[in-house]
Every structure is written in structure tokens, then in C-alpha cells.
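This is what each chain is made of:
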Amino acid sequence: MFLNTLKIPARALLQCVNRGVISPKHRVGLGRGPSRLYYETAKPVDISLSGASSARTVDLRSDTVTKPGAAMRQAMAEAEVGDDVFGEDPTVNELQKMAAEVFGMEAALYVPSGTMANLIAVMVHCRERGDEMIVGDLSHLHIYEQGGSAQLAGVHSTTVTNLPDGTFDLDQLESKIRHGYPDAHYPRSRLVCVENTHNIQGGRVLPLPFLQKVKALADRYGLAVHMDGARMMNAAIAQKVAPSTILQNTHTVSVCLSKGLGAPVGTMLAGPQGFISRAVRCRKALGGGLRQVGILAAAGKLALGDMINRLEEDHRHARTFAQALLECDPPLYEVDMAAVETNILRFRLRDASLTPTEFCALMAAVGEGEQAAMGQGVRVLMFPHIGDSVRAVWHLGISLEDTQLAIQKLQFVARQHSQKRLRAQ
Ligand SMILES: *Cc1c(COP(=O)(O)O)cnc(C)c1O
């Protein structure tokens, strides 16, 4: 039985449940038990599963699992280095100059992680006790960074509702801006954060007109705009525009080198010179001032130089896989093709008797009869995701052949599941 309720966005459904519109025992279509927002995502995978030794593994858990290739390792081994806390590492300096140019920003800073880059941005933009930032309620900054802005920077957040395309309503944004400073009741609005591409909403690309309007609104009220652009390069490739075309609509940005761009470590934080000077101080206070870090920055230079155009390949593979989900017979999967814009794919199961967690376990195991049916065992790793969906992410470790093997596996799992249901009837 296929359930229409699955067409309702997760948040709307959650709200109905919370308001008592749907009583918990009638939450069909959400799988068993309450719908989950949060999952453990960093559990190590048990490679020793039975039958797995000869199986091929296709790891679609995240684009963070990418490993540096031979050319990158070579560049790292040969990097010229110096003490970067003294500003004397030539490779880091080159990388920072290169990033500033690519982004069309005055200056850039190499930092260890995206999480630290976002935290530094919040610390620099919200300097006074009682400053506040406005963030999307499904943003990485708000959900996945352990509340670091509050915990470590002492900055209060207020949220706007992230829409399915990663944007938010501009009237709602304006309504969240505080007025009347220095009225002693309110924090002072200082910063608006946007996320591009939007991770939780499935790699959605923020439309340029939306960014222009957010920037205009922020300028009108004297607020800064920071873009968590962990995957901003994916957005630029999808929109076929230069990164600077996107970034002229934000004051500052953080861009991960360690995701689809394939570097082992590192994020670029960029913005005006004055912002970066203050960011250097925050980075040191957070323990992110590293010494001969040119060894890592050398990988970053290749990531920013050579790896950008290959992102298109990831986007194409994600679409190919999504199309196969849609066409699968027997039909088990539901996917909105218009939402597949970059390398992150979200989809749902049309049968409530199979939860996303159970489905991911079936995809990750070598099933009975699989070797006979497919010629080899294929383990496909994915994560259950917010809103009873499943998330799969493409990256440079996944070839077209891997994608096709993953497609065979999704068809195998659908057949096995439908046979199991027939037997149970
Ligand atoms: C991965 C990610 C980050 C954090 O990057 P880390 O390097 O893992 O700390 C921040 N924002 C978004 C949207 C991300 O996807």
C-alpha cells in the first residue's frame, strides 16, 4: 500500500502531529514510532559484515569521505612551508590569495574546519555581549555545530523557518530583526546567516534573487550577511556562474575544501580585510593557529584549482541515480526530481513498513541471493535523514560504474522487499 501522506513535507507533518491534528497512532507514512529529526551520523561502519570481504562498497554517506589522490599527496609532500602563525608559510599565503581572487573577496584565511570558520564568522560579526544572529532553523550552524555560537561565542540565535528550497520567507526574516537599541530588553541583531547549498534540504541552491533581497534587507538594517558556503562551489557549478557572482551578495563566506573538492582538511573563510584581521585573532584563540600547515594548504590549492569543474560529474551521477529511483519496478521510492540540483539527494520510501534505517541496513548488507542476481555483492552506504528520508551524497570517490552498481542494488532491494511482502500476505 502506498501512502499519499508521504507527499506532505516533513515539517508540515510534524507540526500537524505537534498540534494534535494527527494523533500519534495515525501517523501512517512516517514509519514506526515518532518521526526523527536527529540521527547518529558518525558511527564507524563495520566492514567485517558477512559476505562483505569480496563485495564492492559504494560510500554515499557524505562527500567528506573523499581521500586525496596521488597528485594531491605529491603536492603535499613537496610543499614549501614556514610558520603560518608568523604569516610565513608561502603555500598558505598562496592559497589565501588564490581563494580571495576566486571568491572576489578582499582577503581569505585558511582554517581547520567549516565549523571553526562559521564560529569565527559569528564571533567577528557579533562582537558585543548581547549581540544576536538570525539563522535558518534547519541550518548546519544551528543543528550540527553543537550550539558553538552560544557555547563558545556567547551569541544568541533567533531562527527563521527554512523552506524546502533552503531559502526563508523575507517578511519573516524582517520580523525577526530587533528594533530600539539600546532598549535594555532586547539583544541587538547583527548578523544573518544563509547556507548555500543547503545541506539538510538536500543540496538546494539558493536562487540569486533571494540572495540579493537578503543582502538588501540586511544593508537596510545595518546587519552583516555570512554565507555558510561549505558547498558554495557546487552552487556556482549548478548555476553556471562565477563564485564571485554569488558572493557579491554576502559580506563573508566559508567554503569547505574537504568535501567534494577532495582536500583532506581545511576551509577558506573570506571577506573584507578588516574582517579577516579580526578572524586571525579568533582563530588563534580557538586553537586553530597552525604552524607548517602549508603541507595541508598544498592540497587546498589543488582543490580550489583543479577540482571545481569535476563537481558537475557528481551532480550528473546524483540525477542518474534519482531517475533510477523514480523508474524502479516494483515502485518503492519517491523523489522530487526538481529538488535534485547538486550532489546531495534526498528520497523517501513509499512503503511505511520499511523505515529509512531498515532500508539503509539492507543497502549496506550483501543480501541473500545478491551475488547470484547481480554477479557480485555491492554494499551501498547511505544515511537515514531528517523527515523520514534517506540521504545519498556523490563525490569524487564515486564513478559512473559505482553509481550503476548502486542502481542495481536499489532495484535488488526493491524486488526483495516486494517478494517479502507478497509472501507475508
Ligand atoms: C560540512 C559542513 C560544515 C562544517 O564543516 P566541517 O569541516 O565538517 O566542520 C558547515 N556547514 C555545512 C553546510 C556543511 O555541510
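Worth saying up front: this structure is predicted, and the values here are computed from it rather than measured.

Reading guide: rules and limits
- Residues numbered from 1 in each chain as written.
- Predicted model: local features only at pLDDT ≥ 70, side-chain atom pairs only at ≥ 80, totals over all residues.
- Near = placed C-beta within 6 Å.
- Helix = DSSP H or I, 4+ residues; strand = E, 2+ residues; numbered from the N terminus.
- Pairing = 2+ DSSP bridges.
- Contact = placed C-beta atoms within 7 Å.
- Axes fitted to C-alpha atoms, helices over the stretch in contact; angles between N-to-C directions.
- Core = buried A, V, L, I, M, F, W, Y, C linked by C-beta atoms within 7 Å.
- Buried ≥ 20, exposed ≤ 12 C-beta atoms within 10 Å, placed from the backbone.
- Expected span 1.5 Å × (residues − 1).
- Arc of directions from axis to C-beta.
- Parallel < 35°, antiparallel > 145°, perpendicular 65-115°, else oblique.
- Left-handed = near helix turned anticlockwise from the far one by under 90°.
- UniProt positions renumbered as here; feature names shortened; annotations may be inferred.
- Nonpolar A, V, L, I, M, F, W, Y, C, P; charged D, E, K, R; others polar.

## Points about the site of the ligand
Item 1. The local shell around the ligand consists of Ser-113, Gly-114, Thr-115, Asn-118, His-140, Glu-195, Asn-199, Asp-228, Ala-230, Cys-256, Ser-258 and Thr-267.
Item 2. Top element by residues in the shell around the ligand is helix H4 (residues 114-125). It accounts for three residues.

## Examining the sheet that holds strand S13 (residues 389-393)
Sheet strands line up and pair through hydrogen bonds in the backbone, either parallel or antiparallel.
Item 1. Pairing within the open sheet is antiparallel, and its four strands lie in the order S9-S10-S13-S12. In this open sheet, the two strands that pair with only one neighbour each are strand S9 (333-334) and strand S12 (383-385).
Item 2. Note: S12 against S13, three bridges, orientation antiparallel. Bridged to Phe-383 within S13 is Arg-391.
Item 3. Along the sheet face, helix H13 (residues 311-327) touches S9, strand S10 (344-349) and S13 and points at about 10° away from the line of S10.
Item 4. Contacts between helix H14 (residues 356-364) and the sheet are confined to S10, S12 and S13, with S12 contributing the most and set at about 160° to the helix.

## Here's the deal with the nonpolar core
Item 1. By size, the foremost hydrophobic cluster in this structure holds 77 residues, and its most contacted members are Ala-108, Ile-120, Val-122, Leu-191, Val-192, Leu-269 and Ala-270.
Item 2. The residues touching Val-192, leaving out its near neighbours within four places in the chain, are Ile-134, Leu-173, Val-214, Ala-218, Leu-223 and Val-225.
Item 3. Counting residues in each nonpolar core, the second largest holds 33 residues, with Phe-321, Leu-332, Cys-360 and Ala-414 among its members.

## Here's the deal with H13
Item 1. Taking 1.5 Å of rise per residue, 17 residues should cover 24 Å, and H13 covers 25 Å from first to last C-alpha, within 8% of that figure.
Item 2. Of all the positions in H13, only Leu-311, Asp-314, His-315, His-317, Ala-318, Phe-321, Ala-322 and Leu-325 are classed as buried. Along H13, the residues classed as buried sweep out an arc of 165° about the axis, all on the same side.
Item 3. For H13, the secondary structure elements touched by its buried residues are helix H9 (232-239), S9, S10, S13 and helix H16 (400-424).

## Details of H4
Spacing of three or four residues puts side chains on the same side of an α-helix, whose turn is 3.6 residues.
Item 1. Relative to the 16 Å expected for 12 residues at 1.5 Å per residue, H4 spans 16 Å between its end C-alpha atoms, a close match to the ideal helical length.
Item 2. Those residues of H4 lying buried are Gly-114, Thr-115, Met-116, Ala-117, Asn-118, Leu-119, Ile-120, Ala-121, Val-122, Met-123, Val-124 and His-125.

## Comments concerning the packing of H13 against H16
Item 1. Contact geometry of H13 with H16 gives a least axis separation of 10 Å together with a crossing angle of 15°. The orientation of H13 relative to H16 falls into the category roughly parallel. Taken as a pair, H13 and H16 cross one another with a handedness that is right-handed. The residues of H16 that touch H13, namely those facing His-317, Thr-320, Phe-321, Ala-324 and Leu-325, are Leu-400, Thr-403, Ala-406, Ile-407 and Leu-410.

## Focus on the UniProt feature "modified residue: N6-(pyridoxal phosphate)lysine" (unreviewed entry) in the chain
Item 1. Here the UniProt-annotated "modified residue: N6-(pyridoxal phosphate)lysine" (unreviewed entry) positions come out as Lys-259.
Item 2. Turning to its location among the elements, Lys-259 is positioned in the loop between strand S7 (252-256) and strand S8 (267-271).

## Comments concerning the packing of helix H3 (residues 90-103) against helix H12 (residues 294-306)
Item 1. Interaxial distance between H3 and H12 falls to 8 Å at its minimum, and their mutual angle equals 30°. The orientation of H3 relative to H12 falls into the category roughly parallel. Crossing geometry of H3 relative to H12 is assigned as left-handed. Contacts between H3 and H12 involve Pro-90, Thr-91, Val-92, Glu-94, Leu-95, Met-98, Ala-99 and Val-102 from the former and Gly-294, Ala-297, Ala-298, Gly-300, Lys-301 and Leu-304 from the latter.
Item 2. Of the residues assigned to the contact of H3 with H12, the class counts are nine nonpolar, three polar and two charged.

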